[in-house]
Amino acid sequence: MSWPAGEAAFVTGAASGIGLGIARALVAAGAKVALADIDGARLTEVARELTEAGGTVTTVELDVSDADQWAAAADRAEEALGPISILCNNAGVSGGGPVDQTPLELWRWIYRINTEGQFSGVSTFLPRIKSRGGRAHIMNTASMTALLPTAGLSAYSSSKIASVGFSMVLRDELQGSDVGVSVLCPGTVATRINVSAEDAQAKLLGRQPDAALTQQMGTVLAQGADPDMVGQQVVEAMQGRKFYIFTHSDFEPLVRDLYREVEQAFAETDDRHGPDPSARMLVSGEDPLAS
Ligand code: NAI
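Residues numbered from 1 in each chain as written. Predicted model: local features only at pLDDT ≥ 70, side-chain atom pairs only at ≥ 80, totals over all residues. Heavy atoms only, no water.

### What about the side chain of Asp37?
So, point 1. Structurally, Asp37 can be placed in strand β2 (residues 32-37).
So, point 2. Despite its burial, Asp37 pairs with no opposite charge, the nearest such side chain being Arg192 at 7.3 Å.
So, point 3. In terms of polar contacts, Asp37 uses its side chain to reach the backbone amide nitrogen of Ala15, at 3.0 Å.
So, point 4. In terms of polar contacts, Asp37 uses its side chain to reach the backbone amide nitrogen of Asp39, at 2.9 Å.
So, point 5. Look past the residues within four positions of Asp37 in its chain and what remains in contact with it is Gly13, Ala14, Ala15, Ser16, Leu43, Val60, Glu61 and Leu62. (Helix = DSSP H or I, 4+ residues; strand = E, 2+ residues; numbered from the N terminus. Buried < 20%, exposed > 50% of the residue type's maximum accessible area, 1.4 Å probe, protein only. Lys, Arg positive; Asp, Glu negative; His and termini not counted. Salt bridge = Lys/Arg side-chain N within 4 Å of Asp/Glu carboxyl O. Polar contact = N/O pair within 3.5 Å; in protein donor to acceptor, adjacent residues only side chain to side chain. Contact = heavy atoms within 4.5 Å.)

Right, here's the structure in full:
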């Protein structure tokens, strides 16, 4: 039996799209899965499907943005399946608009789910994982918009940049341990993220869902990757302990352009401040307090 067979995983946003694809792939690889989502009705349907497919699953209704719900959710999952050693912080919402047209309420809603939700997941499960020891893995779903900031999606895109940054720090903090970290940066994936975004924003801001926009986005999404194949890719990346998980290489030239801009800015820096103590520590391992 190879990893993750027999392990127990906790997947957020598991009632739809990429989260469901990850759950299906984990079940196929022999893992037990706690399916966590805010949408209880869909969770029930998904649990039925996976149980019929021979999987061992449990459902946990959870709003990832509510830090107070996490401990009980983790307890419920572990009572049902045993110690969780795989955490997939996948739940996320899109939406928003240009910066000057994004109400603070909407900005906060997106950040609480996409950014705080991932922090809560890690701060709930990591102490449990560390105290038990053994191989474990944490996977956060960000987006290609984290590497290529997208105009018109200010809250979403910047929340996903935070997710990549959070994952990078986490990887550094867990270096040399048995806990692997991955960050998923998908391009377009054929899910219903457009529908849930419009519905939730309508509820949150008390405005009518924009049916035309939902349909327009739906047309683009429908041409995206198959969420089940993305789920399979996630499991393979966790098995291989790969950090970045990209779904499409088409974006590479654009990302390269961004890094060229960074290189150019470094080349133009005249170092008028002298050497930096933190850089000395990070680049050559010197202790700035020793000098
Ligand atoms: P989806 O809308 O099909 O699935 C998201 C799931 O998260 C839904 O089941 C929803 O009920 C759940 N959810 C929403 N708010 C929640 C909350 N507060 N607590 C718990 N669960 C909650 O969307 P999709 O596309 O599968 O999204 C999954 C992740 O993939 C998200 O983080 C999204 O930002 C990311 N992503 C999606 C892309 C795409 O093209 N579909 C591209 C890049 C990233």
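### Focus on the site of the ligand
So, point 1. Around the ligand, a shell composed of 30 residues is seen, among which Ser16, Ile18, Asp37, Tyr156 and Thr191 lie nearest.
So, point 2. At 2.8 Å, a backbone N or O of Asn90 approaches an oxygen atom of the ligand.
So, point 3. At a separation of 2.7 Å, an oxygen atom of the ligand approaches a polar side-chain atom of Tyr156.
So, point 4. For the ligand, whose unbound accessible area comes to 830 Å², protein coverage reaches 95%.
So, point 5. Those elements giving two or more residues to the shell around the ligand turn out to be α1 (17-28), α5 (154-173) and α6 (193-205).
So, point 6. When the residues that make up the shell around the ligand are grouped by side-chain class, the tally is 14 nonpolar, 11 polar and five charged. (Near = heavy atom within 4 Å. Areas by Shrake-Rupley, 256 points an atom, 1.4 Å probe, with all protein chains shown as cover. Nonpolar A, V, L, I, M, F, W, Y, C, P; charged D, E, K, R; others polar.)

### Overview of the nonpolar core
So, point 1. Phe10, Val60, Leu62, Phe125 and Ile138 are the most contacted members of the largest nonpolar core, which totals 41 residues.
So, point 2. Broken down by secondary-structure element, the contributors of at least two residues to this core are β1 (8-12), β2, α3 (70-81), β4 (84-89), α4 (104-132), β5 (136-141), α5 and β6 (179-185).
So, point 3. By residue number, the principal contributor to this core is α4, which donates eight residues.
So, point 4. Excluding residues that lie within four positions of it along the chain, Ile138 makes contacts with Leu87, Val122, Leu126, Leu170, Leu174, Val179, Gly180, Val181 and Ser182.
So, point 5. One finds Ile18, Ala31, Val46 and Val234 within the second-largest nonpolar core, a separate group that totals 32 residues. (Core = buried A, V, L, I, M, F, W, Y, C linked by side-chain atoms within 4.5 Å.)

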